[in-house]
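Observations on the model geometry
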Amino acid sequence: MITVSVAADHVDILGESPCWHAEDQCLYWVDAFAPAIRRLDPSSGSVNSVAMPADIGSFVFARDGSVVAGMRTGFNRVVLATGAVQPIVNPLPRDPRLMLNDGKCDRRGRYWCASVHSDFVGRQAELFRLDPDLTAKRIDGGFIIGNGIAFSPDDKRMYFADSRDETVWMYDFDLDTGLVSNRRIFFSTASIEGRVDGAACDSEGNYWCALVHGGAVACISPEGRMIQRIEVPARHPTMVAFGGPDLDQLYVTSASSLLKPEERAAWPHAGKLFRIDGLGARGMAEPRFGGDFFQ
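Values in this document were obtained by computation on a predicted structure and should not be read as measured data.

This paragraph deals with the pairing of strand β23 (residues 249-254). Burial within β23 is extensive, with six of its six residues counted as buried. Residues of β23 alternate between two faces, with Gln249, Tyr251 and Thr253 on one and Leu250, Val252 and Ser254 on the opposite face, all of them buried. Bridging between strand β22 (residues 237-243) and β23 involves six bridges; their strand directions are antiparallel. Paired with Val240 across the strands is Val252, a residue of β23. Linking β22 back to β23 in an antiparallel pair, the connection comprises five residues, with Gly244 at a positive phi of about 90°. Alignment of β23 against strand β24 (residues 273-277), held across three bridges, turns out to be antiparallel. Across the sheet, residue Val252 finds its bridge partner in β24, namely Phe274.

To continue, consider the sheet that holds strand β1 (residues 3-8). Note on sheets: strands pair through backbone hydrogen bonds, and any given pair is parallel or antiparallel. Reading across the sheet, the four strands line up as β1-β24-β23-β22 and stay open at both edges, with antiparallel pairing between neighbours. Of all the strands in the sheet, just β1 and β22 have a single pairing partner and so form its edges. Strand-to-strand, the axes of this sheet are offset by a mean angle of 30°, without reference to chain direction.

Below, the discussion takes up the pattern of salt bridges. When charged atoms on two side chains of opposite charge get close, those side chains can pair. Using the criterion set out here, one finds 24 salt bridges in the structure. A salt bridge links Arg110 to Asp106; the shortest N-O distance between them is 2.7 Å. Taking relative accessible area as the criterion, Arg110 reaches 8% and is therefore assigned buried. Put simply, Arg138 and Glu126 hold a salt bridge, and the shortest N to O gap is 2.5 Å. Here the residue Arg138 occupies a position in strand β13 (residues 136-143), and Glu126 occupies one in strand β12 (residues 125-130), the gap between them amounting to 12 residues. Taking the relative accessible area as the measure of exposure, Glu126 reaches 13% and is therefore buried. Salt bridges linked by common partners bring Asp12, Asp31 and Arg38 together as one network.

On to the packing of aromatic side chains. For the structure on display, the rule yields 12 aromatic pairs. On the basis of an interplanar angle of 65° and a centroid distance of 5.4 Å, the ring pair of Phe75 and Tyr111 is categorised as edge-to-face. With Phe75 in strand β8 (residues 74-79) and Tyr111 in strand β11 (residues 111-117), this pair connects stretches of sequence that are 36 residues apart. Judged on exposure class, the residue Phe75 and its partner Tyr111 are both buried. Centroid distance Phe151 to Phe173: 5.1 Å. Interplanar angle 50°. Geometry classified as tilted.

All right, on to the side chain of Thr189 then. By the element assignment, Thr189 lies in the loop between β17 (179-188) and β18 (195-201). One polar contact links Thr189 to Glu166, side chain to side chain, over a distance of 2.3 Å. Setting aside anything within four residues of it in sequence, one finds Thr189 in contact with Glu166, Gly194, Arg195 and Val196.

The next point concerns the pairing of strand β5 (residues 46-51). Bridging between strand β4 (residues 36-41) and β5 involves six bridges; their strand directions are antiparallel. Residue pairing across strands places Arg38 opposite Ser49, the latter belonging to β5. The loop that links β4 with its antiparallel partner β5 comprises four residues; one of these, Gly45, has a positive phi angle of about 85°.

Looking at the element boundaries, Asp64 is found in the loop between β6 (56-61) and β7 (67-71). Classification of Asp64 by relative accessible area gives partly exposed; the value is 34%. Separated by 13 residues in sequence, Asp64 and Arg77 have C-alpha atoms that sit 11 Å apart. Here Arg77 takes part through its side chain, which lies 2.8 Å from a polar atom of the side chain of Asp64.

Procedures and definitions
- Residues numbered from 1 in each chain as written.
- Predicted model: local features only at pLDDT ≥ 70, side-chain atom pairs only at ≥ 80, totals over all residues.
- Heavy atoms only, no water.
- Buried < 20%, exposed > 50% of the residue type's maximum accessible area, 1.4 Å probe, protein only.
- Helix = DSSP H or I, 4+ residues; strand = E, 2+ residues; numbered from the N terminus.
- Pairing = 2+ DSSP bridges.
- Axes fitted to C-alpha atoms, helices over the stretch in contact; angles between N-to-C directions.
- Salt bridge = Lys/Arg side-chain N within 4 Å of Asp/Glu carboxyl O.
- Phe/Tyr/Trp six-rings, centres within 6.5 Å; stacked < 30°, edge-to-face > 60°.
- Polar contact = N/O pair within 3.5 Å; in protein donor to acceptor, adjacent residues only side chain to side chain.
- Contact = heavy atoms within 4.5 Å.

Written out as structure tokens, the structure is:
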């Protein structure tokens, strides 16, 4: 039986980027606009936070135990034990309203990260790739907001969502070279409630995604068909990640700031972290960033 529960009562302005850390069996995520990186210990229920100096869209763990974060100030290394933030590189155009948003590592340790314009002006969002040598490359552009990055289990597909364009794109992906090609439509949300925000693939190749504005999580088959929709107690779920000792629990972040005043009474758990059990699906361990920097 599928159950949905509150995993952490802490209320985020805009929760994002959940990531299971196998080494300490804890779930990490961010509040983009608080801004902070948070850590939930499921064994005790305790939540700890490390404040960030700028808005943060996503992060990935590095091999040395630190994290690499996509922020309004570009790519930065963060030492969670001390809160120290060290700039790596900023590929964003000189506009303070632009920030790095959704991001994931591929299985060669490259950090793929999309951007967003805070005012959603034009099609200024782009897709970047931070390589282990700490150089950043622009991969694609012309988007409204970049979200939903995920890689198929066979490493032959990369998914990328433009939430406001109601589209999830699919690229052919070459793991060895880190190149993408042949962008085409994988799934459209134009005819359903909600838009695809953050996502993750399970071990069978299904694409699990948060439907922001739709109060649900969806599972999309490799053929691009919705095969499951699960309601969650937040109008604006933002991203999903598999976690737990067997990677068979789905964690879901959410936003409180997107609610209209008249909606708040109906969604008292908005902004909290949720956990879905009983899906019968299993995720894959998130890869680490491959750079050996600041040693």
